[in-house]
Amino acid sequence: MLERFRTFLNVNDIKDATVVIGVSGGPDSLALLHLFMRFQQSLRLSIIAAHVDHMFRGSQSEEEMEFVKHYCRSNGILCEAVQLNVPDFARKHPEMSAQNAARECRYSFYSKVMEKHDGAFLALGHHGDDQVETILMRMTRGGLGASIAGIPEIREFNSGKIIRPFLSFTKDQILAYCLEHGLSPRFDPSNEKQDYTRNRFRKHVLPFLKEENPKVHERFQFFSRTFREDEQFLQELTIEKLNTVLKRKEKNEIELNIEMFKTLPMPLQRRGIQLILNYLYEDIPSSLSSIHIESLQSLLSQKHPSGSLDYPDGLKVIKSYQTCLFTFEQNTDQSYEMQVQIPSRTALPNGYIITCEISDRSPDVLSGNHVFVMPYSSLNKPLLIRTRRQGDKIKLKGMNGTKKVKDIFIDAKVPINKRNSWPVLEDGSGNILWLPGLKKSSFEEYGLTEGDCIVLEYKEQ
Ligand SMILES: Nc1ncnc2c1ncn2[C@@H]1O[C@H](COP(=O)(O)OP(=O)(O)OP(=O)(O)O)[C@@H](O)[C@H]1O
């Protein structure tokens, strides 16, 4: 590992600089810190450990923070550690999952530490297994462009760069390194629970791939690197060509000459559409996927002179003879109602998905409002997802009486434009079970030892 790590530092010219290392206290980041310490003198590196206690797990995560501080102190490493009230931040930003809220808070802290110490690099401990999972997950979901390349080994971050030296190593190699060097990392038990999709890939797909090729992570890393380079080249070419086929470009509207657009090679057409969407959306909705690009390509190639498509967040694409107009329509009706099959995975118009599974084991602990569990036998079917209706009320968990859904939106400061597309989960008797990401009803019950339960999860696509 040492030699490959050295090569990574050499290739990326990491010397005579301040490196901030994100240290959670887990095996990956502890090994990362340890390896950097071994090069500290020879490469004249100034090393700073940055640790965030997200305050999700009370005294347990506080203990991890003390562990990191203590490890740094005994090794003469400067440690910047902070406790951030992520649960509170997540409550104020109900559109974010707990994981995204934690990431947001963590990265803003990294930023501050980089600024304070004039850091040139931020090193993080993502490894080869994370990379394989990420690429497969994005391909499966229908990710766009460079996102398929997974986690970048090096990228710009504020005035410095994020580096991930472990992408060419497996988790097992890192664990063996910890063992060999007497490192005794902390294991965060919530890591196992938080990301259900990733866990499925880890459990079911990775072992198969590793059996086929024990060095599969290296193949994925090679793919990631070369794909990113190809993508960058094609992006530059697309920008150049797209400018020649646009008829009009304004803040909220773009007009395209279809005939000219169709003379571009297919790879540039695909990327051209993506560039237009990047330009029009301030924030690309996470629900936007390769399917949207494909459906637009097929609309443009049809003989029929007119047609239209509805994209997330009210963007409309209208084809009329030789012109294709992309525009944000006003006052679109965002209401919907759909039945939830058990089990299923439902994509919602607001860019989130709801997964519904039957489990014979009820979780013991549940954090946040992004997961809802109830005994299968108590569910009145069918289960429905719909948008809010006037007079909606929910019997809140741990409270007597009911509360108006409208008041919950107001209390949580959900922006008006998001309220009309926010999902509401209802059972067959018209009881509101859950406002995903916001509040749960008293119908939730978990920790039961007998019988199947239904596990619903609300997350970004
Ligand atoms: N609480 C934290 N404080 C500082 N950095 C963190 C924290 N959590 C994660 N990181 C950084 O982000 C990287 C990726 O985090 P993630 O949770 O995906 O990985 P992990 O497998 O749990 O890593 P580790 O074994 O280091 O805990 C970590 O290796 C670390 O560099």
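The model shown is predicted, which means the values in this text are computed figures rather than measured ones.

**Here we look at the sheet that holds strand E16 (residues 383–386)**
Then comes step 1: In space, the five strands of this open sheet follow the order E12-E16-E19-E20-E21, with antiparallel pairing throughout. Two strands close off the open sheet at either side, each with one partner strand: strand E12 (337–340) and strand E21 (439–440).
Then comes step 2: Sheet topology note: the strand E19 (residues 424–426)/strand E20 (residues 432–435) ladder contains two bridges and is antiparallel. What sits directly across from glutamate 426, in E20, is isoleucine 432.

**Digging into the packing of aromatic side chains**
Then comes step 1: Tallied over the full model, the rule gives 13 aromatic pairs.
Then comes step 2: Centroid distance phenylalanine 166 to phenylalanine 169: 5.6 Å. Interplanar angle 75°. Geometry classified as edge-to-face. No difference in accessibility class separates phenylalanine 166 from phenylalanine 169, as the two residues are buried.
Then comes step 3: Taking the centre distance of 6.1 Å and the plane angle of 70° together, the rings of phenylalanine 409 and tryptophan 422 count as edge-to-face. Pair noted here: phenylalanine 409 is in helix H14 (residues 405–411) and tryptophan 422 is in the loop between helix H15 (416–419) and E19, with a separation of 13 residues, a long-range link.
Then comes step 4: A relative accessible area of 0% places phenylalanine 409 in the buried class.
Then comes step 5: Among the aromatic side chains, those forming a connected cluster through ring pairs are Tyr352, Phe372, Phe409, Trp422, Trp434 and Tyr458.
Then comes step 6: Positioned above the aromatic ring of phenylalanine 67 is the side chain of arginine 186, whose terminal nitrogen or guanidinium carbon lies 4.1 Å from the ring centre.
Then comes step 7: Just above the ring of tyrosine 279 sits the side chain of lysine 249; from NZ or CZ to the centre is 4.7 Å.

**Here we look at the packing of helix H12 (residues 266–280) against helix H13 (residues 290–301)**
Then comes step 1: One can describe the packing of H12 onto H13 by two numbers: an axis separation of 10 Å at closest approach and a directional angle of 115°. Of the two elements, H12 crosses H13, and the hand of that crossing is right-handed. Contacts between H12 and H13 involve Met266, Gln269, Arg270, Ile273, Gln274 and Leu277 from the former and Ile293, Leu296 and Gln297 from the latter.
Then comes step 2: By residue class, the composition of the contact of H12 with H13 is five nonpolar, three polar and one charged.

**Digging into the state of the cysteines**
Then comes step 1: A complete count under the given rule lists zero disulfides for this structure.
Then comes step 2: Free of any disulfide, cysteine 178 has its nearest neighbouring cysteine sulfur in cysteine 72, separated by 14 Å.
Then comes step 3: Here cysteine 178 falls in the buried class, since its relative accessible area comes to 3%.

**Focus: the sheet that holds strand E22 (residues 453–460)**
Then comes step 1: If you walk across this open sheet you meet the four strands as E13-E14-E22-E15, and the pairing is antiparallel. Both edges of this open sheet fall to strand E13 (344–347) and strand E15 (371–375), since each of them pairs with a single strand only. The average undirected angle you get between the axes of adjacent strands in this sheet is 15°.
Then comes step 2: The pairing of E15 with E22 spans five bridges and is antiparallel. Pairing of valine 371 across the sheet is with glutamate 457, part of E22.

**Some words on the site of the ligand**
Then comes step 1: Not every one of the 18 residues close to the ligand is listed here, only the nearest: Gly22, Ser24, Asp28, Ser29 and Tyr110.
Then comes step 2: Within the contact set of the ligand, a nitrogen atom lies 3.5 Å away from a backbone nitrogen or oxygen of valine 23.
Then comes step 3: The backbone of valine 52 places a nitrogen or oxygen atom 2.8 Å from a nitrogen atom of the ligand.
Then comes step 4: Contact with the protein chains covers 83% of the free accessible surface of the ligand, which is 580 Å².
Then comes step 5: Those elements giving two or more residues to the shell around the ligand turn out to be helix H2 (27–39), strand E2 (46–53) and helix H5 (98–117).
Then comes step 6: Along the lines of polarity and charge, the residues of the shell around the ligand split into six nonpolar, nine polar and three charged.

**Section: the pattern of salt bridges**
Then comes step 1: Scanning all chains against the criterion turns up 28 salt bridges.
Then comes step 2: Put simply, arginine 198 and glutamate 133 hold a salt bridge, and the shortest N to O gap is 2.9 Å. Separated by 65 residues along the polypeptide, arginine 198 in helix H9 (residues 196–212) and glutamate 133 in helix H6 (residues 128–141) bring together distant segments of the chain.
Then comes step 3: Take arginine 198: its relative accessible area is 18%, and that puts it in the buried class.
Then comes step 4: Linking lysine 459 and glutamate 457 is a salt bridge whose minimum nitrogen-to-oxygen distance equals 3.5 Å.
Then comes step 5: A network of salt bridges, in which partner residues are shared, links Asp130, Glu133, Arg198 and Arg202.

**As for the domain arrangement of the chain**
Then comes step 1: Its domain assignment divides the chain into domain 1 (2–214), domain 2 (243–328) and domain 3 (337–460).
Then comes step 2: A straight line from the C-alpha centre of domain 1 to that of domain 3 covers 32 Å.
Then comes step 3: Buried surface at the junction of domain 1 and domain 3, both sides included, amounts to about 1100 Å², of which 44% is carbon and sulfur.
Then comes step 4: Interface area lost by domain 1 to domain 3 is led by Pro94, Glu95 and Tyr196, which between them contribute 49%.
Then comes step 5: Viewed at the interface, domain 3 and domain 1 are joined by one salt bridge.
Then comes step 6: Where arginine 200 meets glutamate 357, a salt bridge forms, and the shortest distance between an N and an O atom there is 2.7 Å.
Then comes step 7: At the junction of domain 1 and domain 3, the tally comes to four residue pairs in polar contact (both at pLDDT 80 or more).
Then comes step 8: When residues of the side of domain 1 that touches domain 3 are traced back to their parent elements, those giving at least two are helix H4 (86–92), H5, helix H8 (190–194) and H9.
Then comes step 9: With three residues, H9 is the single largest residue contributor to the side of domain 1 that touches domain 3.
Then comes step 10: Here the side of domain 1 that touches domain 3 is built from residues that sort into four nonpolar, four polar and six charged.

The rules behind these values
- Residues numbered from 1 in each chain as written.
- Predicted model: local features only at pLDDT ≥ 70, side-chain atom pairs only at ≥ 80, totals over all residues.
- Heavy atoms only, no water.
- Pairing = 2+ DSSP bridges.
- Helix = DSSP H or I, 4+ residues; strand = E, 2+ residues; numbered from the N terminus.
- Phe/Tyr/Trp six-rings, centres within 6.5 Å; stacked < 30°, edge-to-face > 60°.
- Buried < 20%, exposed > 50% of the residue type's maximum accessible area, 1.4 Å probe, protein only.
- Lys NZ or Arg CZ within 6 Å of the ring centre and 35° of its normal.
- Axes fitted to C-alpha atoms, helices over the stretch in contact; angles between N-to-C directions.
- Left-handed = near helix turned anticlockwise from the far one by under 90°.
- Contact = heavy atoms within 4.5 Å.
- Nonpolar A, V, L, I, M, F, W, Y, C, P; charged D, E, K, R; others polar.
- Disulfide = S-S within 2.5 Å.
- Near = heavy atom within 4 Å.
- Polar contact = N/O pair within 3.5 Å; in protein donor to acceptor, adjacent residues only side chain to side chain.
- Areas by Shrake-Rupley, 256 points an atom, 1.4 Å probe, with all protein chains shown as cover.
- Salt bridge = Lys/Arg side-chain N within 4 Å of Asp/Glu carboxyl O.
- Domains from an automatic or database assignment.
- Buried area = accessible area lost by both parts, 1.4 Å probe.

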